[in-house]
Every structure is written in C-alpha cells, then in structure tokens.
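Survey of secondary and tertiary structure
Residue strings, one per chain:
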Amino acid sequence: MTDRARDGEFDDWLDAIAEDEPYYIECSNGHGWLPPRRVCPECGSRELAREPLPEAGEIATHTTVQVATPQFEDDAPYVTAIADFGPVSVTGLVRGVEPDAVAVGTVVGIEIGERATTGERAVVFRPR
Amino acid sequence: MTAPRVAGAGVTQFGSHPERTGRDLFAEAGLAALDQSGVPAADVEALYYGNFMGELAEHQGHQGPLMAEMVGVDAPATRFEAACASAGAAIREAVRAVRSGEADVIMVGGAERMTNIGTAGATDALSIAADDLYEIRAGMTFPGAYALMARAYFEEYGGTREDLAEIAVKNHEHALVNDHAQLRKEISVEDALEAPMVAEPLGLYDACPITDGAAAAILTSESYAEEHGLDAPVRVSGTGQGGDNLALQDRAHYAQTPAADKAAEEAYADAGIDADAVDVAEVHDCFTIAEVLALESLSLFERGEAITAARDGTTTRHGDLPVNLSGGLKAKGHPVGATGVAQLATISWVLDGSHPRADAVPDATVGVAHNAGGTVASTTVHVLEVER
C-alpha cells in the first residue's frame, strides 16, 4: 500500500491530526465539514476556512464490529463510533477502553493510529 | 399523463447460487417477466437495469447491453447504480419515461451475484456504498453502519434487541410460503437473540442474508396495455426519490432517514394520497432496524413508534398494516441491485391477488415500495394502486 498516491486533503487532514493540530472546514454561515470541500452542501457558501477542531468530542453512537471486511480482519472485534466535536462529527476507531465500557456521551480526544490488519493510518478516539 | 401499468414481473429463486452468473440470473427473471406480461421482446423500447457490485463480484462492468442481450431485447440499455436502491432508481426513470410519452414499453430489472465472493468479499463489496475516506477507513461495515443507527434510535426513542427480534420473526414467518424466498424457516425471538453478534447491537438474525438473484418487470403505458388487451390492473401512481449526505457523520439525524421522508412525501403527493391510504408495504429491511426507520419515514407510524409494530402485531400478516409480506430483504433475501424491482413485483402480485400472502389484504388497493441505498443516502418510494 506504500506506493499508493496520497488522497490529497484527506491525507493532509490526517497529517494535521498526527501533528496535534486537527482542524475542520467552516463555511461563512458556521456549517462544519471535513475536507476536501469547495462548497458548503448545506447553504452553498463558497467562503470556507480552516478552523481548529475542538479538543474533545462526545461519542454520539458506537458499535462493536465482530464481522469485519478483509481490511480489518485482524482488528476485529473493534469499536467504531461517531463522535460529535460540535461543528463537525467524525467517525473513528475507539481505543484505550474495553468495548463494553464505551458509552454514548463518553468524552474522547482524536489521534492517528494504525490498523492492525494493514498498518494503514486510521482516525482513533481515546477517552480523555 | 397516465400512470404506467405493471404488465408482468419475474423473480428468480433468491438464495445462495454461487455458480450462477449474473447474466443467467437476469435472463431467467427477464424472460419470466416478458412471459407473464404477454409483451413481445420486440416491443421493449429500453432496459433500465440496476446492479451495484458487478465489477467486484464478477469483474463485469457495462452490464446494460449484456443483460438486454440475455433477454433477447434489442434496445438501448442503461445500468443504474444507487447502491441497494439501484433498481428503485431504474423504476423511477422508467416511470418518468412512460409518463412523458417518450416510451410505451420499458423493461426494468436488476441482478446481483454475491455469494461467489464469500462473506468477507461481500461484506467488503457492500461497504463501498459508504464514504471510503471517512467511514470505510474507520472500520465501518454495512452492518456496522446500521448498528450505529440502531444505537442512536435506542438512545433517542427507546427500544430493545427483543423489539428488533420480533421484526425478524415476523418476516421469516411471512416468507414461509414464498417460493422465491431464501430463508423459508420459522425462527423464534430466542433464536434471534442467541445468534452471534455481527455489529452490536445487531446480531446475525437482524441482518438480511447475502443473496444471488434477479428481478424484472415490464412497465407499459396505459394506452399500450389497452390496445394490446393486457391483463395489467396494477398501476404505478406515484414516484419519489430523496437524497442525503453520503456519510452518516454528516447527517442531521442518525435515528431518522430524511432521504426517505423526502421520497415518501413526493411519492404520496404524486399519487394524490396520504399515508393513511396505504394498505400494504414492502420496505427495505436490510437490517431489522431499517424496517423501523422506513415505516417512520413513510409516515405510517409516528417517530419512535414503529419499533414495537411487529411486537404488537400491527405489521404482521394478521395486523392492520402488513409489512414485508414477501419476507422482506430479511427472509426473502437481498440481491442488492435487484431488490427494488423484487419489491415492485411483490406489491403488484399482492394487489392483483396472485401473491401467496395476498390473502392477508384481500381488499387492498394501495401498496407502497420503499428501496434504500447505503445508509439511506438514496431512497426511492413507489406507490402502486389497483381498482377493486
């Protein structure tokens, strides 16, 4: 996988999380998104700017995946969650907590981890 | 503008047929639809065909002309792709083409070959209906996505795994007499609760099976049906389609499906009916929770109330509003690119009295078919009606 071309702004975004400077894209009307965006799908604004992602998010919903795709075979079972960071919500793997202890409302931080199966980068949430 | 007639439909046995090619599956369904309709292949002016994972499962793109050839139709053929709503999207375009007067006869259909790539392969192929960068790379699977929605539903409205199990039990019971169904086996709530977890809180019996199969139907204009003396009493009186952000994380709701709200609202208005006119429904229950979300988006139940509809009997074949008399995706099976047309076929056969479960709704005049793609970023809703 190392010879795969970068996925532009998505990989830039992962780099920023790894450097502890995560951000999101905000339009002039305050709608939040993740890159790449050239237009706000909510209001049509093309005035978009990078804003710092709030440091803490709250788990909005989560699942423990037992039956994985081949790309996550060695990761299973693992927890995938959507965390609400205020202006944006982000999907990631929850680590550093037993799956049974993950709950809606758990406060998490965002970081970059590796998939056990492929070694590729992944968004990781860890309870704060 | 006249409502297109369903002149005939054909559905293969749904199931695990790993050795059967997609083209052979579709040929069977398409020829059966032609035979039932009495329409000669030479009169078909176009094939609108749904398929989702043909490239991954069979290394076969460009399936439209291939499938037309397999059913002996010499006409333009186009493949529609909207994940599991591919065939619903094909129906919608066919309805519009017939209504506009541009076509008198269109074959709609879909096919999917899935079991030949195994459970892991099919899980992988299905997952690509989600956002690759932001969801798949965070471990989201198709069951995982619906598990996230189920958890959100439980948090917002309440509900339990037992409630979901009742939906699986109902749909399995409905499928018992359906010769096309993949799972003709009665199950209990206990069976469902004790089944292995797939993505918590969804277990194996909350999920539809992986299915090979095809479905086709012949839609004609009213004037063609009359001129050719077709026995085609069922008409498609309303069509609607809704969209949403692809990734669940970008949605306004995780416990609602706004794309289906929009599709239903449009389809009802198009048909000139209200939700309370609906007598019977086939909805996209790829997972048990999906049936709940569908029924609420269709305004057949208030928000938070469809979760108990199977448990209290309302949506069983003995209830006031039978849902998924075919067995649904859950028990009939879900060859994803074919599902929308299989639903159309079911409702058509229920309304003309020829479906083995038609006796559940002997006076029904209005049926609705709800077909959803991905985590419901695409939805089509079609209203079918018959005079009695």
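For the structure, see preceding data.
Report on the accompanying structure. For clarity, every value in this text was computed on a predicted model and none was experimentally measured. (Residues numbered from 1 in each chain as written. Chains lettered and ligands numbered in written order. Predicted model: local features only at pLDDT ≥ 70, side-chain atom pairs only at ≥ 80, totals over all residues.)

Description of the overall build of chain B
- Along the backbone of chain B there are 13 helices and eleven strands.
- Against the globule reference of 21 Å for 388 residues, chain B gives a C-alpha radius of gyration of 19 Å, in line with a compact fold.
- Across the 388 residues that make up chain B, the buried fraction comes to 68%.
- Taking the contacts inside chain B whose residues are at least 6 apart along the sequence as the reference set, 77% of them involve residues at least 24 apart. (Helix = DSSP H or I, 4+ residues; strand = E, 2+ residues; numbered from the N terminus. Rg over C-alpha atoms; globule rule 2.2 N^0.38 Å. Buried ≥ 20, exposed ≤ 12 C-beta atoms within 10 Å, placed from the backbone. Contact = placed C-beta atoms within 7 Å.)

Quick notes on unusual backbone geometry
- P77 of chain A follows A76 of chain A through a cis peptide bond whose omega is -5°.
- Within the fold, P77 of chain A resides in the loop between β4 (57-65) and β5 (78-84).
- Here the residue pair E200 of chain B and P201 of chain B is connected by a cis peptide bond, since its omega of 10° sits within 30 degrees of zero.
- Its place among the elements puts P201 of chain B in the loop between β5 (197-199) and β6 (202-203).
- Even without being a glycine, D20 of chain A presents a positive backbone phi close to 65°.
- Relative to the assigned elements, D20 of chain A resides in the loop between α1 (8-18) and β1 (23-27).
- One non-glycine residue with positive phi stands out, namely V376 of chain B, at about 70°.
- The exposure class assigned to V376 of chain B is buried, which follows from the 32 C-beta atoms found within 10 Å.

Structural notes on helix α7 (residues 161-175) of chain B
All names here are of chain B.
- The end-to-end C-alpha distance of α7 is 21 Å, a good match for the 21 Å that 15 residues give at a rise of 1.5 Å each.
- Looking at α7, one finds that the buried residues are D163, L164, A165, E166, I167, A168, V169, K170, N171, H172, H174 and A175.
- Taken together, the buried residues of α7 touch α8 (189-194), α11 (288-297) and α12 (328-332). (Expected span 1.5 Å × (residues − 1).)

Thoughts on the packing of α7 of chain B against α11 of chain B
Residue and element names in this part refer to chain B.
- At a closest axis distance of 8 Å, the pairing of α7 and α11 adopts a crossing angle of 90°. When the axes of α7 and α11 are compared, the pair comes out roughly perpendicular. Across the interface between the two elements, L164, I167 and A168 of α7 pack against T288, I289 and E291 of α11.
- In the contact of α7 with α11, the residues fall into four nonpolar, one polar and one charged. (Axes fitted to C-alpha atoms, helices over the stretch in contact; angles between N-to-C directions. Parallel < 35°, antiparallel > 145°, perpendicular 65-115°, else oblique. Nonpolar A, V, L, I, M, F, W, Y, C, P; charged D, E, K, R; others polar.)

Quick word on the interface of chain A and chain B
- Tallying the contact residues gives 28 residues for chain A and 27 residues for chain B.
- Contributions of two or more residues to the side of chain A that touches chain B are made by β4, β5, β6 (89-94) and β8 (121-127) of chain A.
- In terms of residues, the side of chain A that touches chain B owes the most to one element, β4 of chain A, which gives six residues.
- Of the residues in the side of chain A that touches chain B, the class split is 16 nonpolar, ten polar and two charged.

Considering the nonpolar core
All names here are of chain B.
- Grouped together as the largest cluster of nonpolar side chains are 174 residues, with contacts concentrated most on V108, M149, A217 and V341.
- It is helix α6 (residues 142-157) that contributes the most residues to this core, ten residues altogether.
- Those residues in contact with V108, other than ones at most four positions away along the chain, are Y48, A90, I91, A94, A216, A217, L219 and V341.
- Judged by nonpolar contacts, the second largest core, of five residues, contains F14, A175, A181 and L183. (Core = buried A, V, L, I, M, F, W, Y, C linked by C-beta atoms within 7 Å.)

Remember, this is a structural readout, not a statement about activity or role.
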